[in-house]
Amino acid sequence: MAQAHEDVDGDLVRLRRQLHQHPELRFGESRTAATLAGRLAPIARVHSGIAGTGLMVEIEGRAPGRSVLLRADMDAYPVQDAKEVPWASGNPGVCHACGHDVHMTVVYGVAARLAADPPAHGSVTLLYQPAEEIPFGETSGAAAMLADAALRDRRFDAVLGLHCWPDLPVGTVGVDRATAMAAKDAFRIEVLGRAAHAATPALGRDAILGLAGIVNLLHAGVARARNPHELVAFNIGTIAGGASQSQVAERAEATGTLRTHDETTRARLKAVIERIAHAQADALELSVRFTWANEMPPVRNAAPLVALAHAELPAVVQVADLTEPPLTTDDFALLGALGPSLYVKLGVTGERGGAPLHSGAFDVDERCVGVGVAALERLTRAVLAGHLTAPAEAAATIAGTADTAGSAPTAGSVADVRAVGA
């Protein structure tokens, strides 16, 4: 049997490179949307301007039936492209460093196949979503799309998505058993003190000193408040404050994130973070303003769709049973409101690829595009054909997978990996 990664559609590679060369930041994906709409308009109904720059594309089968939603995120990341390839980003300081160019290309490839050979029953909706990357306090693109009238009162039998995954080799698709991405809670701590001359520090209340203590105590406090079995990531990512080297700082602030999988752990650690910040500030006669933002739930895979993936995907790609969910996040989690969801990991590492997500050096072995198309098309047609099992039966299937599965493939486990079209 020929595996999906053995052939690469040159037209899809050209589209991926075109999108990669012209990346656009959140809610500014106008050129990206126009490129996709121009390709999709001849084969499907395209609705543009969804949540600003997003697209909703509809493909009908030969008769009514079940419905599937395929989501691809459109925005790039604010980092300089470090690759020396002809299709490197032409937009300084902006790069598709998270694989969204691949996601968009894969979903287009599925659309082209469905249009060429429509399913017997049902419909497929493509959602090209802006603004998956979310700076502190800003709007999620998925939330904006859900608020758009075009998606009001819509429900689907399956909501499918995928993400490039450097930890997996090209030719492989990873399937998490239940949780595919973590919850994320971003926070800002503002410490407010009293300004004074550096020569008379007793007259002031030093906000920078207070924030420094809070940062140290938070790292220690969160580490001690989590149980050994709980997967948690805590980070302080920015610090700013003060007006002059000769002044006791009146204000300082830090931002960071807490990432968890379990709701009980999440609630407990959020309370710990706030308690530590306020206690340390009180000890130094400072005040604190604490803000939570971008609170994103985990991405949960529906058991019937996990079972479907293990039943259907081995016919076209290698499947990795992923046993430890990561602490990365994705606002795909919100799209679970539209129906049972499945979010799979697309192996991208070959001769090119392997650098971390959000790195300017991030790249993919472009054979991953064919793998993604094959996997999402197979899942889409299986849902439309009614191959989903009942939840109880699906849970038993997943348990059987857990009993028999070996270790997931590593980046070196696919033989004869070659760069395509280099």
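The paragraphs below set out a description of the structure included in this document. (Residues numbered from 1 in each chain as written. Predicted model: local features only at pLDDT ≥ 70, side-chain atom pairs only at ≥ 80, totals over all residues. Heavy atoms only, no water.)

## Describing the pattern of salt bridges
Okay, step 1: Per the counting criterion, the structure on display carries 30 salt bridges.
Okay, step 2: Between D321 and R177 there is a salt bridge, and its shortest N-O distance comes to 2.5 Å. Of this pair, D321 sits in strand β15 (residues 318–322) while R177 sits in the loop between β6 (172–176) and β7 (179–181); the two residues are 144 residues apart in sequence, bridging distant segments of the chain.
Okay, step 3: Of the residues examined, D321 reaches a relative accessible area of 9% and is grouped as buried.
Okay, step 4: The partner of R188 in a salt bridge is E190, and the shortest N-O contact between them spans 3.9 Å.
Okay, step 5: Residue class for R188 comes out partly exposed when judged on its relative accessible area of 24%.
Okay, step 6: Bridged by salt links that share partners, the residues R16, R17, D101, D363 and E366 form one connected network. (Salt bridge = Lys/Arg side-chain N within 4 Å of Asp/Glu carboxyl O. Helix = DSSP H or I, 4+ residues; strand = E, 2+ residues; numbered from the N terminus. Buried < 20%, exposed > 50% of the residue type's maximum accessible area, 1.4 Å probe, protein only.)

## Considering the packing of aromatic side chains
Okay, step 1: Taken as a whole, this structure holds five aromatic pairs when the rule is applied.
Okay, step 2: A centroid spacing of 5.9 Å and a plane angle of 20° characterise the contact between F187 and F290, whose relative ring orientation is stacked. You can see F187 sitting in strand β8 (residues 183–192) and its partner F290 sitting in strand β13 (residues 287–296), a full 103 residues away along the chain.
Okay, step 3: Relative accessible area serves as the criterion here: at 0%, F187 is assigned to the buried category.
Okay, step 4: Here the aromatic residues F187, F234, F290 and W292 are joined through ring pairs into a cluster of three or more. (Phe/Tyr/Trp six-rings, centres within 6.5 Å; stacked < 30°, edge-to-face > 60°.)

## Comments concerning the sheet that holds strand β12 (residues 251–260)
One key point about sheets: their strands pair by backbone hydrogen bonds, in either a parallel or an antiparallel sense.
Okay, step 1: Strand order in this open sheet of four strands is β10-β12-β8-β13, and the pairing throughout is antiparallel. Of all the strands in the sheet, the pair left with one neighbour each is β10 (232–241) and β13. Mean inter-strand twist for the sheet, computed between neighbouring axes without regard to direction, equals 15°.
Okay, step 2: Of the pairings in the sheet, the one linking β8 to β13 comprises eight bridges and is antiparallel in character. Bridging across to β13, K184 finds its partner in M296.
Okay, step 3: With respect to the sheet, helix α5 (residues 207–225) is in contact with β8, β10, β12 and β13, its orientation differing from that of β10 by roughly 175°.
Okay, step 4: Across the sheet, helix α6 (residues 263–283) touches β8, β10, β12 and β13, and the angle it forms with β13 is around 160°. (Pairing = 2+ DSSP bridges. Axes fitted to C-alpha atoms, helices over the stretch in contact; angles between N-to-C directions. Contact = heavy atoms within 4.5 Å.)

## Some points on the side chain of R71
Okay, step 1: Along the polypeptide, R71 turns up in strand β3 (residues 63–73).
Okay, step 2: Here R71 falls in the buried class, since its relative accessible area comes to 2%.
Okay, step 3: Polar side-chain contacts of R71 include one of 3.5 Å to the side chain of D73.
Okay, step 4: Setting aside residues up to four positions removed in sequence, R71 forms contacts with V107, L127, Q129, E132, L160, G161, D330, D331, F332, L335 and Y343. (Polar contact = N/O pair within 3.5 Å; in protein donor to acceptor, adjacent residues only side chain to side chain.)

## A closer look at the environment of A361
Okay, step 1: By the element assignment, A361 lies in the loop between β16 (341–349) and α8 (367–384).
Okay, step 2: It is 35 Å that separates the C-alpha atoms of A361 and A337, two residues lying 24 residues apart in sequence.

## Quick notes on the nonpolar core
Okay, step 1: Counting residues in hydrophobic clusters, the biggest one holds 58 residues, and the most contacted among them are L126, Y128, L160, L342 and L346.
Okay, step 2: Among the elements that take part in this core, α8 stands out by supplying 11 residues, more than any other.
Okay, step 3: When near neighbours in sequence (up to four residues on either side) are disregarded, L160 contacts V68, L69, L70, R71, L305, F332, L342, L376, L379 and T380.
Okay, step 4: Core analysis: the second largest hydrophobic core is formed by 25 residues, I214, A252, L269 and F290 among them. (Core = buried A, V, L, I, M, F, W, Y, C linked by side-chain atoms within 4.5 Å.)

## A closer look at helix α3 (residues 100–116)
Okay, step 1: Across its 17 residues, α3 extends 24 Å between first and last C-alpha, which sits within 8% of the 24 Å expected from 1.5 Å per residue.
Okay, step 2: With 13 of its 17 residues buried, α3 lies for the most part within the structure. (Expected span 1.5 Å × (residues − 1).)

## Some remarks on the pairing of β6
Okay, step 1: Of all five residues that make up β6, five are buried, and the element is covered over most of its length.
Okay, step 2: Burial of the side chains of β6 extends over both faces: T172, G174 and D176 are buried on one face and V173 and V175 on the other.
Okay, step 3: Note that β6 and β15 share five bridges and pair parallel. Within β15, the position partnered with T172 by the bridge is Q318.
Okay, step 4: Across two bridges, β6 lies against β16 in antiparallel orientation. Across the sheet, the residue bridging to G174 is K345, located in β16.

## Structural notes on the state of the cysteines
Okay, step 1: Enumeration over the complete set of coordinates arrives at zero disulfides.
Okay, step 2: Lacking any disulfide linkage, C95 is separated from the closest cysteine sulfur, that of C98, by 10 Å.
Okay, step 3: Residue C164 stays outside any disulfide, its sulfur separated by 5.2 Å from that of C368, the closest cysteine.
Okay, step 4: Looking at C164, the relative accessible area reads 0%, which means it is buried. (Disulfide = S-S within 2.5 Å.)

## Regarding the pairing of strand β5 (residues 158–169)
Okay, step 1: Burial within β5 is extensive, with 11 of its 12 residues counted as buried.
Okay, step 2: By the bridge criterion, three bridges tie β3 to β5 in an arrangement that is parallel. Residue pairing for β5: V68 is matched across the bridge by A158.
Okay, step 3: Inspection of the sheet shows β5 paired to β16 by eight bridges, in the parallel sense. The partner of L160 across the bridge, within β16, is L342.

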